[in-house]
Amino acid sequence: MGLGQRPTGVHPARRAGEPAAVGREIDRNVVVGELRRAGTAVEADVVVDPSHPSLFDHPLDHVPGSLLLEAARQFAVCAAGSASRRAATLRSRFDAFVELDVPTTCHARIVPPAAGSGPGDAPDSVMVRFEQAGRTCAEIEVEFVPVGAEGTGRR
């Protein structure tokens, strides 16, 4: 069928970031590594645990979209660095499968807050790009709203 070799394993997981920094309480639920900042660039590794009972409820030969959506949310929350706003909306585009056995990095493009938002506010959105071997596999925009805005309760 022209599918090529299936992965024989998962790329070794890198150390996950701190749960509180990404809006989580349990270490196992953190799917991004510690942030690396250089000027305005922000990046982190995607941490894949194929034994996670919710994200891998059956065997897969690729990283599931649900893990990428959660990685984008966690990464954007951490990159934004503000407790005054929370992630509310995701817009996604998936261009290629994210392979299990290749390191995956997420990169942020932070959209500054709208004029008059107030000093120190989090950005309006963060565009998260997932890259493997120099190729963009997915882009997910995470939009923020002020904490306490209707419909944004924590679950």
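Described in the following lines is the structure provided in the data block.

### Observations concerning unusual backbone geometry
At A133, a position not held by glycine, the phi torsion is positive, near 50°. Structurally, A133 can be placed in the loop between β5 (125-132) and β6 (135-146).

### Observations concerning the sheet that holds strand β4 (residues 105-111)
What the 6 strands build is an open sheet, ordered β1-β2-β4-β5-β6-β3; its pairing is antiparallel. On the outer flanks of this sheet lie β1 (36-38) and β3 (85-94), each paired with one strand and no other. Taking the axes of each pair of neighbouring strands and ignoring which way they run, one obtains an average angle of 25° across the sheet. In this sheet, strand β2 (residues 41-45) lies alongside β1 in antiparallel orientation, the contact comprising 3 bridges. Along β2, the bridge assignment pairs R37 with V42.

### Notes on helix α1 (residues 65-80)
An α-helical turn contains 3.6 residues, so any two residues separated by three or four positions project in the same direction. Taking 1.5 Å of rise per residue, the 16 residues of α1 would be expected to cover 22 Å, and the 22 Å separating its terminal C-alpha atoms lies within 8% of that figure. In terms of burial, α1 is largely enclosed, as 12 of its 16 residues are buried. Inspection of α1 places L67, L68, E70, A71, A72, R73, Q74, F75, A76, C78, A79 and A80 among the buried residues, and these make up the whole buried set. Taken together, the buried residues of α1 touch β1, β2, β3, β4, β5 and β6. Directly beyond the C-terminal end of α1, a positive phi value near 60° is found at G81.

### Focus on the pattern of salt bridges
In a structure, side chains of opposite charge can pair up when their charged atoms sit close to one another. Per the counting criterion, the structure on display carries 10 salt bridges. With a shortest N-O distance of 3.4 Å, D49 and R28 are connected by a salt bridge. In this pair, D49 is assigned in the loop between β2 and α1 and R28 in the segment before β1, connecting sequence segments 21 residues apart. Looking at R28, the relative accessible area reads 40%, which means it is partly exposed. A salt bridge links E139 to R93, with the nearest nitrogen and oxygen atoms 3.2 Å apart. Within this pair, whereas E139 is found in strand β6, its partner R93 is found in strand β3, the two being separated by 46 residues in sequence. Each of the salt bridges in this network shares a partner with another, and the network as a whole consists of R24, E70 and R73.

### Section: the pairing of β6
Across 9 bridges, β3 lies against β6 in antiparallel orientation. Opposite T89, over in β6, you have E143 as the bridge partner. Two successive antiparallel strands, β5 and β6, enclose a turn made up of 2 residues, where A133 displays a positive phi of approximately 50°.

Rules used throughout
- Residues numbered from 1 in each chain as written.
- Predicted model: local features only at pLDDT ≥ 70, side-chain atom pairs only at ≥ 80, totals over all residues.
- Heavy atoms only, no water.
- Helix = DSSP H or I, 4+ residues; strand = E, 2+ residues; numbered from the N terminus.
- Pairing = 2+ DSSP bridges.
- Axes fitted to C-alpha atoms, helices over the stretch in contact; angles between N-to-C directions.
- Expected span 1.5 Å × (residues − 1).
- Buried < 20%, exposed > 50% of the residue type's maximum accessible area, 1.4 Å probe, protein only.
- Contact = heavy atoms within 4.5 Å.
- Salt bridge = Lys/Arg side-chain N within 4 Å of Asp/Glu carboxyl O.

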